[in-house]
Amino acid sequence: MHPREARLEQELAALRSRHRYRRRRTHQGPQQPRLAHSGGEWLAFSSNDYLGLANHPRVVEALATGARRWGAGAGAAHLVNGHSAAHHALEEALARYTGYPRALLFSTGYHANLAVLGTLAERGDLLLQDKLNHASLLDGGRLSRARMQRYRHGDIAHLRELLEPAPPGRAMVATDGVFSMDGDLAPLRELAALANSRGDWLMVDDAHGFGVLGDGRGSVAEAGLRPDQVPIYMATLGKACGVFGAFVAGSETLIETLINRARPYVYTTALPPALAEATLAALELIEQEPERRQRLQDRIAQLRKGACELGLPLAPSATAIQPLILGDDATALAWATALEARGILVTAIRPPTVPEGKARLRIALSTAHSSADVDRLLEALARLQHQPPQLQDTA
């Protein structure tokens, strides 16, 4: 073994000993609540496919039809010759749907956040981020030329205190719309009022709100805000839309700046046009079938009512992300392992993804879950509550 690999092996062993080693599971079918694998089937509560569109026949057919028309790949970056009519149509549809003048496609939400912060947070600026922001926002801040600080989660007073020394118009505030591990909402109205009063940028990463909240238009709409009050809006297309990719919405000037200066946009091959066709189909379903959001709300209410009756420590979330806080890493992993043995897949989330002492089961609900599915999960959790499992294997 190479000496450097030996050191890596020691670090992996340390992760195992601390119950923080992560492993992949291989499934053998499309994303849906019943997930096929080599040993049978899981009832899965781990996917971000909130509206059940990842395997919807119209979305699948649009992808297949798109591949027959456009082929398998885009072939180049958007600025070379990779920008197709399908990409353009999707950008126009996303702009119309969100109410912004323009939208710009990115290959991933990670790319989009690196692009925005790396381009707009300039030397001499102050970049302020919520303590619980997604890793992509934090990494984008580290790669930017701005000085980055993190304010206490959802704490407007702390944010105002940190903003005080910065000249008006020389700061940028970035926040998740829905926090991916807690499921709670950012105080967007207060954030917008503060940023706009100073002429500062406000950016919202709405990966987990777009398609679900605000009649599908996301957490900005849910907060009753206009697009001009939140000048930078990013959302992903692999969660509620069930496909892949991301977009940034904003003004004409903002989007043209990103097209010309954002390195993750300029130097990345465009999404396959067939994916753009599939996303257009998904967006139509989100608009045409509001009952999908209502069914999701029904499942959320059912789970929370049942958990309350059992005395299970669910975090105070009104979204599809329902964290069951268990505390230490070994306990969270033991519960996840015991559920998996019962054919139920719920991911154990441990540090550094969440703070020390806040390990949890991240229960993710979908429109595609039935009432019986949620009842089965609650029954299994009740058994674990009365007979807490012991961790046998952390590998």
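None of these values were measured; they are calculated from a predicted model. The numbers attached to residues start from 1 for each chain and follow its sequence in the written order. The predicted nature of this model means local features are confined to residues of pLDDT at least 70 and side-chain atom pairs, given and counted, to a pLDDT of 80 or more, with totals for whole chains, interfaces and linings taken over all residues. For the side-chain quantities, the full set of heavy atoms in the structure was used; hydrogens and water were omitted.

## Some remarks on the packing of helix H2 (residues 57-70) against helix H12 (residues 273-288)
- Viewed as axis vectors pointing N to C, H2 and H12 meet at an angle of 150°, and their least axial separation amounts to 7 Å. Accordingly, the angle class assigned to the pair H2 and H12 is roughly antiparallel. By crossing handedness, the relation of H2 to H12 is classed as right-handed. Every residue of H12 that contacts H2 at Arg58, Val59, Ala62, Leu63, Gly66, Ala67, Arg69 and Trp70 is listed here: Pro273, Ala274, Leu275, Glu277, Ala278, Ala281, Ala282, Glu284, Leu285 and Gln288. Note on geometry: axes are C-alpha line fits, over the in-contact stretch for helices, and angles between N-to-C directions span 0 to 180 degrees. Each helix is a run of DSSP H or I of at least 4 residues and each strand a run of E of at least 2, with the numbering of both proceeding from the N terminus. Throughout this description, any angle smaller than 35 degrees is read as roughly parallel, any larger than 145 degrees as roughly antiparallel, any in the 65 to 115 degree range as roughly perpendicular, and the remainder as oblique. Put simply, a crossing is left-handed when the front helix is turned counterclockwise from the back one by less than a right angle, and right-handed when it is turned clockwise. Residue contacts are counted whenever heavy atoms from the two residues lie within 4.5 Å of one another.

## Concerning unusual backbone geometry
- With an omega of 10°, the peptide bond running from proline 351 to proline 352 counts as cis.
- We note that histidine 19 has phi near 65°; this positive angle belongs to a residue other than glycine.
- Structurally, histidine 19 is set in the loop between helix H1 (3-17) and strand E1 (34-37).
- Accessible area is worked out with a 1.4 Å probe on protein chains only. A residue is then buried under 20% of its type maximum, exposed over 50%, and partly exposed in between. Taking relative accessible area as the criterion, histidine 19 reaches 23% and is therefore assigned partly exposed.

## Here's the deal with the sheet that holds strand E10 (residues 321-327)
- By the convention used here, strands pair only if DSSP detects at least 2 bridges between them. A sheet is described by the order of its strands in space; here 3 strands give the open sequence E10-E13-E12, paired in antiparallel fashion. At either end of the open sheet lies a strand with only one pairing partner, and these are E10 and strand E12 (347-349). Taking each pair of neighbouring strands and ignoring which way they run, the sheet shows an average axis angle of 30°.
- Pairing of E10 with strand E13 (residues 359-364) involves 6 bridges; the strand directions are antiparallel. When the sheet's bridge partners are listed, proline 323 is paired in E13 with arginine 362.

## Here's the deal with the nonpolar core
- We define the nonpolar core as a collection of buried residues of types Ala, Val, Leu, Ile, Met, Phe, Trp, Tyr and Cys that are connected through side-chain atoms lying within 4.5 Å of one another. By size, the foremost hydrophobic cluster in this structure holds 88 residues, and its most contacted members are Phe210, Phe247, Leu361 and Ile363.
- By residue number, the principal contributor to this core is H12, which donates 8 residues.
- For isoleucine 363, the residues in contact, after removing those within four places along its chain, are Phe45, Leu303, Leu314, Ala320, Ile321, Gln322, Leu324, Val346, Leu377 and Leu381.
- Residues Ala174, Leu254, Ile255 and Leu258 belong to the second largest nonpolar core, which totals 24 residues.

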